[in-house]
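# Commentary on secondary and tertiary structure
Okay, here's what each chain looks like letter by letter:
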Amino acid sequence: MRLRRSDFPDGFQFGAATSAYQIEGHGFGGAGSTHWDSFATGPGNVMRGENGAVACDHYNRWESDLDLMEAAGLDAYRFSTSWARVLPEGRGAVNAEGLDFYDRLVDGLLARGIAPYATLYHWEMPSALADLGGWMNGDVAGWFADYTEIIMGRIGDRVEATATINELWCVAWLSHFLGHHAPGMRDIRAAARAMHHVLLAHGHAVQAARALGFDNLGLVTNLEYTEPADESVEAAEAASVQDALYNQWFLGAVFKQEYPTVALAGLERHLPKGWQDDFGVIGTPVDWVGINYYTRKLVKPGPSGMFCDIVDLPGNLPKTAMDWEIYPEGLSYFLERVQREYTGDTPLFITENGMASLDRMGADGRIEDWARSAFLDAHFAAALRAIEAGVPLKGYFVWSLLDNFEWAFGYDKRFGMIHVDFKTQVRTPKQSWLDFTEALKR
Ligand code: FCB
């Protein structure tokens with residue numbers, strides 16, 4: 001790995017990212033049921049019907065997991081708090097044990113000199129609220145703001161920064177139009193409502209946290225480099241709709257108080273009444289923006305010719321175990337584009353970047369994931385190029401610290417820099433972890 005910490009500006013934060021449902025073990029500690037628990041029981045939804053009940057058993061092993069980060073010299077750790085762990089019914093009675101867990105986790109990070117970066121929602125909607133429509137119900141904004149007050153009231157005084165919601169596109173579109181994630185809806189009206197309510201919830205949560213006196217509040221958006229699959233006008237149109245829904249909708253709402261016209265053409269009639277009046281809340285100023293970046297997609301219209309029937313085709317770049325093309329140029333492209341079109345001087349973070357690979361353990365017990373080291377190195381270089389071009393990038397979190405529950409792919413796809421044997425819960429640092437943490441010493 002060519003990365004040297006000294007190439008990056010002073011104070012640049014290098015860390016690793018995880019999320020609650022993917023690592024904690026949702027079956028422990030009195031957490032309430034979530035829509036992922038029920039989604040996983042549907043045939044074909046999650047590989048082998050796996051769920052997050054045990055995951056990495058981080059709920060019980062968090063101290064030794066934090067020790068690994070401390071020993072490696074990480075500056076920061078991005079984790080998420082689970083709504084259903086803190087409020088098993090989504091509202092009402094607090095699970096004291098759940099709140100205590102995050103309290104200890106934050107103190108444990110600080111005691112080890114690691115800055116805590118919290119995300120309040122990384123996809124586990126409490127089932128009791130999913131029963132009421134979840135993101136499709138406009139009341140979700142108030143429910144989420146109430147939960148935000150509770151969790152921030154407990155840990156807000158000690159976290160370095162807080163993001164409201166992880167990857168709003170996945171929460172809304174992937175889960176309500178494409179149906180790949182819980183709650184598995186395939187309905188444009190449901191999706192349009194979720195696209196709006198997730199932003200409204202974000203805005204109310206920022207206001208709730210600010211009212212308690214906290215700052216360093218942001219959101220985490222995922223961006224995907226989109227190109228037409230061929231030279232046709234139709235493919236160019238598909239790419240423009242895809243870019244609007246994916247890369248412009250959320251940042252445009254927060255920073256310009258508007259939705260992109262090409263997306264509105266299909267979604268406007270399904271949006272909740274009075275949506276135009278919500279931009280005052282949605283556009284509540286944030287202190288930073290997190291970008292999750294993984295890949296590029298080549299797109300063209302699907303067979304139906306209907307709005308946003310968009311299919312992607314395999315490109316010819318090298319691919320990860322997710323079959324995602326490796327395209328580091330997309331990272332510098334987005335950092336510069338986001339600054340230019342939306343965020344200006346507002347600090348940016350790369351809150352996720354990484355890859356899945358097959359990661360077999362050799363007879364000597366080593367896991368030689370050189371491909372991951374090379375992937376990360378190429379993306380660090382892309383980040384550095386953006387910094388040199390004037391982007392106020394302040395930190396970089398690798399996805400992920402540990403192999404974990406990769407949503408619809410169950411435990412099949414391994415994103416960790418640290419290998420987890422899911423039978424024994426033994427952690428084994430991979431070569432990429434050794435390379436990354438060595439580079440941080442240079
Ligand atoms: C992102 C998610 C994260 C993980 C990675 C691979 O979309 O935020 O939980 O699944 O992809």
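Here's a quick rundown of the structure. (Residues numbered from 1 in each chain as written. Predicted model: local features only at pLDDT ≥ 70, side-chain atom pairs only at ≥ 80, totals over all residues. Heavy atoms only, no water.)

## Quick word on the nonpolar core
- If you look at the biggest cluster of nonpolar residues, it comprises 130 residues, and the most contacted ones within it are Trp83, Trp135, Trp249 and Tyr259.
- Those residues in contact with Tyr259 that sit more than four places away from it in its chain are Met195, His196, Leu199, Trp249, Ala253, Leu264, Leu271, Trp275, Phe279 and Ile282.
- Counting residues in each nonpolar core, the second largest holds 15 residues, with Ala76, Ala115, Tyr117 and Ala161 among its members. (Core = buried A, V, L, I, M, F, W, Y, C linked by side-chain atoms within 4.5 Å. Buried < 20%, exposed > 50% of the residue type's maximum accessible area, 1.4 Å probe, protein only. Contact = heavy atoms within 4.5 Å.)

## Here we look at the layout of surface pockets
- The computed volume of the largest pocket comes to approximately 1100 Å³.
- Of all the secondary-structure elements, those providing two or more residues to the lining of the largest pocket are helix H8 (168-176), strand E5 (217-228), helix H10 (233-256), strand E6 (288-301) and strand E7 (310-313).
- Partitioned by chemical class, the residues of the lining of the largest pocket number 25 nonpolar, 9 polar and 13 charged.
- The volume enclosed by the second largest pocket comes to roughly 160 Å³.
- Lining of the second largest pocket is provided by Phe177, Ile188, Gly266, Arg269, His270, Ser304, Met306, Phe307, Cys308 and Asp309.
- Its residues placed into classes, the lining of the second largest pocket shows 5 nonpolar, 3 polar and 2 charged. (1 Å grid on protein atoms, 1.4 Å probe; cavity = no way out; pocket = protein on both sides within 12 Å on 5 of 7 lines; lining within 4 Å. Points joined across faces, edges and corners; volume = space filled by probe spheres on them. Helix = DSSP H or I, 4+ residues; strand = E, 2+ residues; numbered from the N terminus. Nonpolar A, V, L, I, M, F, W, Y, C, P; charged D, E, K, R; others polar.)

## Looking at the packing of aromatic side chains
- For the structure shown, the criterion picks out 43 aromatic pairs.
- Taking 5.0 Å as the distance between ring centres and 55 degrees as the angle between the ring planes, the aromatic pair formed by Tyr225 and Tyr327 counts as tilted. With Tyr225 in strand E5 and Tyr327 in the loop between E7 and helix H13 (329-343), the pair connects residues that are 102 residues apart, well separated along the chain. Neither Tyr225 nor Tyr327 differs from the other in exposure class; each is buried. (Phe/Tyr/Trp six-rings, centres within 6.5 Å; stacked < 30°, edge-to-face > 60°.)

## Structural notes on the pattern of salt bridges
- One pass over the structure, following the stated rule, counts 28 salt bridges.
- Taking the shortest distance from any N to any O, the salt bridge between Arg158 and Asp107 comes out at 2.8 Å. Of this pair, Arg158 sits in the loop between helix H7 (140-155) and strand E4 (161-166) while Asp107 sits in helix H5 (residues 96-111), and the two are 51 residues apart along the sequence.
- Here Asp157 ties to Arg158 by a salt bridge, and the two come within 3.1 Å at their closest N and O atoms.
- Counted as one network, the salt bridges with shared partners bring together Asp100, Asp103, Asp107, Arg154, Asp157 and Arg158. (Salt bridge = Lys/Arg side-chain N within 4 Å of Asp/Glu carboxyl O.)

## Remarks on the site of the ligand
- Lining the immediate environment of the ligand, one finds Gln22, His122, Trp123, Asn166, Glu167, Tyr294, Glu352, Trp399, Glu406, Trp407 and Phe415.
- The side chain of Gln22 places a nitrogen or oxygen atom 2.7 Å from an oxygen atom of the ligand.
- Here an oxygen atom of the ligand and a side-chain polar atom of His122 are 2.8 Å apart.
- Contact with the protein chains covers 94% of the free accessible surface of the ligand, which is 290 Å².
- Spatially, the ligand is embedded in the largest pocket.
- Here the shell around the ligand is composed, by residue class, of 5 nonpolar, 3 polar and 3 charged. (Near = heavy atom within 4 Å. Polar contact = N/O pair within 3.5 Å; in protein donor to acceptor, adjacent residues only side chain to side chain. Areas by Shrake-Rupley, 256 points an atom, 1.4 Å probe, with all protein chains shown as cover. Sits in = over half its atoms within 2 Å of the grid points.)

## Looking at empty space enclosed by the protein
- Applying the stated rule across the entire model yields 2 cavities of 30 Å³ or more.
- What the largest cavity holds in volume is close to 50 Å³.
- Lining the largest cavity, in full, are His35, Trp36, Tyr121, Trp123, Trp135, Cys170, Val171, Ser175, His181 and Ala182.
- At 3 residues, the largest contribution of residues to the lining of the largest cavity is made by H8.
- Classifying every residue of the lining of the largest cavity gives 7 nonpolar, 3 polar and no charged.
- Of the pockets and cavities examined, the second largest cavity occupies roughly 40 Å³.
- The wall of the second largest cavity is formed by Thr18, Ser19, Ala20, Ile23, Glu24, His58, Tyr77, Phe79, Ser80, Phe101, Tyr102 and Leu105.

## So, helix H15 (residues 431-439)
- Judged by how many residues are buried, H15 sits mostly within the fold: 7 of 9 residues are covered.
- For H15, the set of buried residues is Gln431, Ser432, Trp433, Asp435, Phe436, Thr437 and Ala439.
- Buried positions along H15 lie against strand E1 (13-17), helix H3 (58-72), helix H14 (370-388), strand E9 (393-399), strand E10 (418-420) and strand E11 (427-429).

## Remarks on the pairing of strand E8 (residues 348-352)
- Within E8, 5 of the 5 residues are buried, which leaves it mostly tucked inside the rest of the structure.
- Here E6 runs beside E8; their pairing, made up of 4 bridges, is parallel. In the strand pairing of E8, Gly290 is matched with Phe349.
- One ladder, built from 3 bridges, connects E8 with E9; its direction is parallel. Looking at the pairing, Ile350 lines up with Tyr396 of E9.
- Since E8 and E9 lie parallel, the crossover through H14 that links them has a hand, and here it is right-handed. (Pairing = 2+ DSSP bridges. Right-handed = clockwise from strand over helix to strand, strands pointing away.)

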